[in-house]
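# Structure at a glance
Read off the chains here:
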Amino acid sequence: MVLKVGIIGAGGIAKDAHIPNYLKCGEKVEIVAISDVAIEKAEEVAKEFGIPHFFSSYEEMLEKVELDAVSVCTPNKFHYPATQAALNAGCHVLCEKPPAMTVKEAEAMAEAAEKAGKILTYGFHYRHAPQVEALKRFIDAGELGEIYAARVTAMRRRGIPGWGVFTNKELQGGGPLIDIGVHMLDTALYLMGYPEPDTVFGVTYQKLGNRKGVGLFGQWDWENYSIEDLARGMITFKNGASILLDTSFAANVEKHEEMNVALMGTEGGADVFPLKIYQEKHETLIDITPSYLPNKGYHELELARFVDACVQGTKPISTAIEGVYLQQIINGLYESAEKGEAVKIGGKVRV
Ligand SMILES: NC(=O)c1ccc[n+]([C@@H]2O[C@H](COP(=O)([O-])OP(=O)(O)OC[C@H]3O[C@@H](n4cnc5c(N)ncnc54)[C@H](O)[C@@H]3O)[C@@H](O)[C@H]2O)c1
């Protein structure tokens with residue numbers, strides 16, 4: 001079967017990751033259509049990659065073209081409506097991260113996927129990193145024991161995006177926490193077995209982004225900067241585990257960028273990026289480092305596995321329910337930061 005794919009949003013992630021990696025799937029996939037509210041972008045990308053149909057509205061695309069699967073590559077605000085429309089049109093969906101803007105939206109997306117009997121998965125490409133895959137095998141074999149604590153780091157020194165709408169709270173829902181912190185948080189949760197969150201305590205700061213400064217990711221729109229530049233958080237889980245999180249677009253730290261997850265378990269611990277495992281064996285403290293890891297692109301694996309899941313009907317690596325837990329934590333941290341107090345994550349995930 002050839003999977004007929006449509007793309008919603010013809011920006012950076014569609015052009016750099018989704019489309020080229022669908023094309024690498026060869027005869028398994030045909031990219032049939034693309035839509036973007038900016039029709040000239042849709043047209044330009046369609047021409048560049050030989051996509052036969054382009055539209056200014058995804059509703060029109062879903063109505064006029066028969067599709068099996070859709071990539072949602074819009075700003076965060078439109079993840080929910082675009083995903084719902086694609087699921088209602090009978091498509092499998094790979095939606096970019098974060099899942100949505102609110103917990104209600106993420107829940108409704110998971111419910112719609114369940115009802116439609118279609119795959120809904122999210123663009124957490126770090127799950128496909130060789131370090132994560134290798135560590136997962138060690139964890140599944142019990143090498144870390146019970147993982148009861150983790151540290152999540154997604155820090156940039158001056159990495160405020162100077163393009164797109166990443167500094168616009170209304171369109172993105174927030175700053176580094178929902179944009180890059182979410183990647184490392186998802187990685188930590190995945191390796192910890194996605195425990196159910198219990199309570200979160202968050203603090204956010206806007207100290208550097210709202211004034212002119214050195215932009216390692218281009219000159220951002222500091223005059224209309226409406227997001228946090230640093231977010232910190234403590235997350236506790238119903239199984240007793242906890243995570244400490246630090247994430248920034250801009251902060252006065254040494255490294256230009258640091259993305260990592262550190263895990264602490266009863267039988268061992270680990271840093272993920274770069275991968276190092278810490279254990280005590282035969283009365284000796286030892287560190288294990290891989291001398292070889294495969295070198296395949298994270299996005300390439302993500303897209304290829306999404307295609308295989310659609311064609312073979314297998315479970316995707318990142319699920320809609322996990323998306324709900326993640327959204328509960330993200331929105332809980334923002335709510336806690338606003339209130340200045342800890343927030344209990346409410347209710348069971350319904351789906
Ligand atoms: N996985 C990753 O590491 C990664 C990296 C970058 C971006 N992203 C995610 O991808 C999404 C898009 O980011 P980007 O960098 O491509 O942004 P971008 O600004 O480059 O592109 C977004 C595109 O969506 C279009 N758009 C806006 N509203 C639309 C709508 N209602 N229907 C159709 N198109 C619409 C815009 O015109 C624009 O062309 C975001 O959710 C972001 O978080 C993920």
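Residues numbered from 1 in each chain as written. Predicted model: local features only at pLDDT ≥ 70, side-chain atom pairs only at ≥ 80, totals over all residues. Heavy atoms only, no water.

Per an unreviewed UniProt entry, the protein chain is named Inositol 2-dehydrogenase/D-chiro-inositol 3-dehydrogenase, and its organism is Pseudoneobacillus rhizosphaerae.

This part takes up the overall build of the protein chain. Along its length, the protein chain carries ten helices and 15 strands. Taking 2.2 N^0.38 as the reference for a compact globule, 351 residues should give roughly 20 Å; the C-alpha atoms of the protein chain span a radius of gyration of 20 Å, in line with that estimate. Taken along the three principal axes of its C-alpha coordinates, the protein chain extends 65 × 50 × 40 Å. Relative to its full complement of 351 residues, the protein chain shows a buried share of 54%. Pairs at least 24 residues apart make up 73% of the contacts formed inside the protein chain by residues separated by at least 6 positions. For the protein chain, the exposed surface amounts to about 15900 Å²; the carbon and sulfur share of it is 50%. (Helix = DSSP H or I, 4+ residues; strand = E, 2+ residues; numbered from the N terminus. Rg over C-alpha atoms; globule rule 2.2 N^0.38 Å. Buried < 20%, exposed > 50% of the residue type's maximum accessible area, 1.4 Å probe, protein only. Contact = heavy atoms within 4.5 Å. Areas by Shrake-Rupley, 256 points an atom, 1.4 Å probe, with all protein chains shown as cover.)

The subject of this paragraph is the site of the ligand. Taken together, 25 residues form the shell around the ligand, and within it Asp36, Lys41, Asn76, His79 and His125 come nearest. Within the contact set of the ligand, an oxygen atom lies 2.8 Å away from a side-chain nitrogen or oxygen of His79. When the free accessible area of the ligand is taken as 850 Å², the share hidden by the protein chains comes to 85%. Listed by contribution, the elements that provide at least two residues to the shell around the ligand are helix H1 (12–23) and helix H8 (176–191). Per-class residue counts for the shell around the ligand are nine nonpolar, eleven polar and five charged. (Near = heavy atom within 4 Å. Polar contact = N/O pair within 3.5 Å; in protein donor to acceptor, adjacent residues only side chain to side chain. Nonpolar A, V, L, I, M, F, W, Y, C, P; charged D, E, K, R; others polar.)

Before going further, it helps to examine the UniProt feature "domain: Gfo/Idh/MocA-like oxidoreductase N-terminal" (unreviewed entry) in the protein chain. UniProt records the feature "domain: Gfo/Idh/MocA-like oxidoreductase N-terminal" (unreviewed entry) at residues 3–124, using the numbering of this structure. Span residues 3–124 is 44% helix and 22% strand, its end C-alpha atoms 21 Å apart. (UniProt positions renumbered as here; feature names shortened; annotations may be inferred.)

Contact geometry for helix H4 (residues 79–88) and helix H5 (residues 103–116): axes closest at 10 Å, N-to-C directions at 10°. Judged by the angle between their axes, H4 and H5 are roughly parallel. Contacts between H4 and H5 involve His79, Tyr80, Thr83, Gln84 and Leu87 from the former and Glu105, Ala108, Met109, Ala112, Ala113 and Ala116 from the latter. Residues belonging to the contact of H4 with H5 are distributed by class as follows: seven nonpolar, three polar and one charged. (Axes fitted to C-alpha atoms, helices over the stretch in contact; angles between N-to-C directions. Parallel < 35°, antiparallel > 145°, perpendicular 65-115°, else oblique.)

What follows is about the sheet that holds strand S4 (residues 69–72). The six strands are arranged S3-S2-S1-S4-S5-S6 in an open sheet whose pairing can be described as parallel. Of all strands in the sheet, those with a lone pairing partner are strand S3 (53–55) and strand S6 (120–122), marking the two edges. Averaged over all neighbouring strand pairs, the angle between strand axes comes to 20°, with direction disregarded. Bridge count between S4 and strand S5 (residues 92–95): four bridges; the pairing is parallel. Across the sheet, residue Ser71 finds its bridge partner in S5, namely Leu94. Against the sheet, H1 makes contact with strand S1 (3–8), strand S2 (29–35), S4 and S5, and its axis sits at roughly 150° relative to S2, the strand it touches most. (Pairing = 2+ DSSP bridges.)

Below, the discussion takes up H4. Of all the ten residues making up H4, seven are buried; the element is thus mostly covered by neighbouring parts of the structure. For H4, every residue scored as buried is listed here: His79, Ala82, Thr83, Gln84, Ala85, Ala86 and Leu87. Looking at the packing, one finds that the buried side of H4 touches S1, helix H3 (58–64), S4, S5, H5 and S6. Of the residues flanking the end of H4, it is Gly90, one or two places downstream, whose phi is positive at about 85°.

This paragraph deals with the UniProt feature "domain: GFO/IDH/MocA-like oxidoreductase" (unreviewed entry) in the protein chain. UniProt annotation of "domain: GFO/IDH/MocA-like oxidoreductase" (unreviewed entry) refers to residues 133–269 when read in the numbering used here. Between the end C-alpha atoms of residues 133–269 there is a gap of 16 Å, over a span that is 20% helix and 32% strand.

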